Amino acid sequence: GVGPVPPQQFHQQGPRFILPATPDPVLMQLVTVMQQQQQQLAQQIQEQHQQMRQQQQNMAQQQESITAIVRQQQQFMETVAANNGQIPFHPERILDSLANNIKEFRYDPESSVTFAVWFSRYDDLFEKDAARLDEKAKIRLLLRKLGMEEHERYTSFILPQVSKDFSFSKTVDTLKSLFGAQESLVSRRYRCLQITKQPTEDHVSYACRVNKFCVEFDLKKLSEDEFKSLIYVLGLKSESDAEIRTRLLTKIEEQPEVTLQQVSEECQRLLNLKHDTAMIESHSMEVNKVQQQRFNRQWEKKKDRSPSPSAQNGIKRRAKKPCWLCGSMHFREDCDYLDH
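On a predicted model such as this, the values are computed, not experimentally measured, just so you know.

Novice: Sorry, what's going on with the packing of aromatic side chains here?
Specialist: What describes a pair of aromatic rings is the distance from one ring centre to the other and the angle between the planes of the rings. A complete count under the given rule lists 10 aromatic pairs for this structure. Look at F115 and W118: their rings are 5.5 Å apart centre to centre, the planes differ by 40 degrees, and that puts the pair in the tilted class. Of this pair, F115 and W118 both sit in helix α3 (residues 115-121), three residues apart, which is roughly one turn of that helix. The residues F115 and W118 share a single accessibility class, namely buried. Every member of this aromatic cluster is reached through a ring pair, and the members are F105, Y107, F115, W118, F119, Y122, F126, F168 and F179. The lysine or arginine in question, K138, covers the ring of F168, its NZ or CZ lying 5.9 Å from the ring centre. The ring centre of F217 lies 5.5 Å from the NZ or CZ of R189, which sits over that ring.

What follows is the structure, given as structure tokens:
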């Protein structure tokens, strides 16, 4: 007969197992688990090797960065020593650093975005942070933050001169004038006096709006006479006073120091002028009417006048001598001055 089958041997890294002719399921499961653990262990070892290599690369990069920083510090110290202990000045670096902190200016008067409002945000920056920059560098920084249209408008306005021909303060004043509010001071003050709280507006927003309008009112520069004159003009709301109101507002805008008495006298002068103009216009119309009536009568008489001898004969003749009444070349009976 056939003898027993020799036991099979299972070789694996690690201990050697001899399996019986009929493998035990528990033993096979144990072997499978051990194989999986060995694979996981090998994978972990490989990952650890990769992490170690990555750490070595990072350490090498850090070492290079530290070396570069030390080299820069050494160069900086050498530069300082060469300049007798003074720190070197790099204006372009300061310009780039400050420019990154400044928002570009775009003129929008309808939204109250004027140059004065924009510049007030960066006034301290130009005064303190840019203190080491000279006038020309400050002007370059300022014009660098203008929008394309705003920069084009400014350069066109100052032609034939260029930006470097002006000081920084003069440039700021020009930009404030060029990109300022489009309403007059009187208009802003009138708008302030007409302010009311909106039904949907909260009290904090209303307080902010009142504060802003009062600042624009420029109360510090308003004298007692100016305030009286403003109230006087604002009371002229009739349609018949429209022209007078416009002229008075113009006078107050041009002469802020005007008094209430002067405004009243100016108003009376305008009324007299208006009355005189109407009177002259009425007289002129009457004269024109009389002249028209006189012309009509002359025309009627001329049509009713009997024809001249030359016209009766049907022969059109030309006078040989000028008329002794008017000097024109026609017969006396055809002269218009016969009616005078």
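Moving on from the coordinates now.
Novice: Can you help me understand a nonpolar patch on the surface in this one?
Specialist: There is a patch of nonpolar side chains on the surface, built from L193, F227 and I231 and spanning about 240 Å² of accessible area. Relative to the assigned elements, L193 resides in helix α8 (residues 185-193).

Novice: For this particular structure, what's the right way to read the pattern of salt bridges?
Specialist: When charged atoms on two side chains of opposite charge get close, those side chains can pair. Counted by the stated rule, this structure contains eight salt bridges. One salt bridge in this structure joins K221 and D218, with 4.0 Å as the shortest N-O distance. Residue classification places D218 among the partly exposed positions, given a relative accessible area of 23%. Measuring nitrogen to oxygen at the nearest pair gives 3.3 Å for the salt bridge that ties K228 to E224. In this pair, K228 and E224 both sit in helix α10 (residues 224-234), four residues apart, roughly one turn of the helix. According to the relative accessible area criterion, K228 is partly exposed, its value standing at 36%. Judged by relative accessible area, which is 57%, E224 ranks as exposed.

Novice: Sorry if this is basic, but what is going on with unusual backbone geometry here?
Specialist: With glycine set apart, most residues show a phi of negative sign, and most peptide bonds adopt trans. Residue L159 is joined to P160 through a cis peptide bond whose omega torsion reads 5 degrees. Among the secondary structure elements, P160 is positioned in the loop between α6 (148-157) and α7 (168-178).

Novice: How do you make sense of the confidence of the model for the protein chain when you look at a structure like this?
Specialist: As a note on interpretation, predicted positions should not be read in detail where pLDDT is low. Of all residues in the protein chain, 76% have pLDDT values of 70 or greater, and the mean over the chain is 79. When mean pLDDT is taken per element in the protein chain, α6 scores highest with 94 and strand β1 (residues 8-10) scores lowest with 46. Low pLDDT, under 50, characterises residues 7-13; the predicted model gives this stretch 14 contacts beyond four residues in sequence or across chains.

Novice: I keep staring at the nonpolar core and nothing clicks. Help me out?
Specialist: Buried together is how nonpolar side chains tend to be arranged in soluble globular proteins. One finds F115, W118, F119, F126 and L142 to be the most contacted residues of the largest nonpolar core, which totals 28 residues. Going through the elements one at a time, α2 (91-99), α3, α4 (123-129), α5 (135-144) and α7 are the ones with two or more residues in this core. Counting residues per element, this core draws most heavily on α5, which supplies five residues. Sequence-distant contacts of F115, defined by excluding residues within four places in its chain, comprise F105, L142, L146, V172, L175, K176 and F179. Counting 17 residues, the second-largest nonpolar core is a separate cluster that includes I195, L236, I252 and L270.

Novice: Is there a simple way to think about the packing of α2 against α5 in this case?
Specialist: Where α2 contacts α5, the two axes come as close as 11 Å, and the packing angle between them is 30 degrees. Taken together, the axes of α2 and α5 are roughly parallel relative to one another. Seen along the crossing, α2 lies across α5 with a hand that is right-handed. Where α2 abuts α5, its residues E92, L95, D96, L98 and A99 lie against A137, R140, L141 and R144. A per-class count over the contact of α2 with α5 returns five nonpolar, no polar and four charged.

Basis of the calculations
Residues numbered from 1 in each chain as written. Predicted model: local features only at pLDDT ≥ 70, side-chain atom pairs only at ≥ 80, totals over all residues. Heavy atoms only, no water. Phe/Tyr/Trp six-rings, centres within 6.5 Å; stacked < 30°, edge-to-face > 60°. Helix = DSSP H or I, 4+ residues; strand = E, 2+ residues; numbered from the N terminus. Buried < 20%, exposed > 50% of the residue type's maximum accessible area, 1.4 Å probe, protein only. Lys NZ or Arg CZ within 6 Å of the ring centre and 35° of its normal. Patch = residues over 30% accessible without salt bridge, like charges linked within 9 Å, V, L, I, M, F, W, Y side chains within 5 Å. Areas by Shrake-Rupley, 256 points an atom, 1.4 Å probe, with all protein chains shown as cover. Salt bridge = Lys/Arg side-chain N within 4 Å of Asp/Glu carboxyl O. pLDDT = per-residue confidence, 0-100. Contact = heavy atoms within 4.5 Å. Core = buried A, V, L, I, M, F, W, Y, C linked by side-chain atoms within 4.5 Å. Axes fitted to C-alpha atoms, helices over the stretch in contact; angles between N-to-C directions. Parallel < 35°, antiparallel > 145°, perpendicular 65-115°, else oblique. Left-handed = near helix turned anticlockwise from the far one by under 90°. Nonpolar A, V, L, I, M, F, W, Y, C, P; charged D, E, K, R; others polar.

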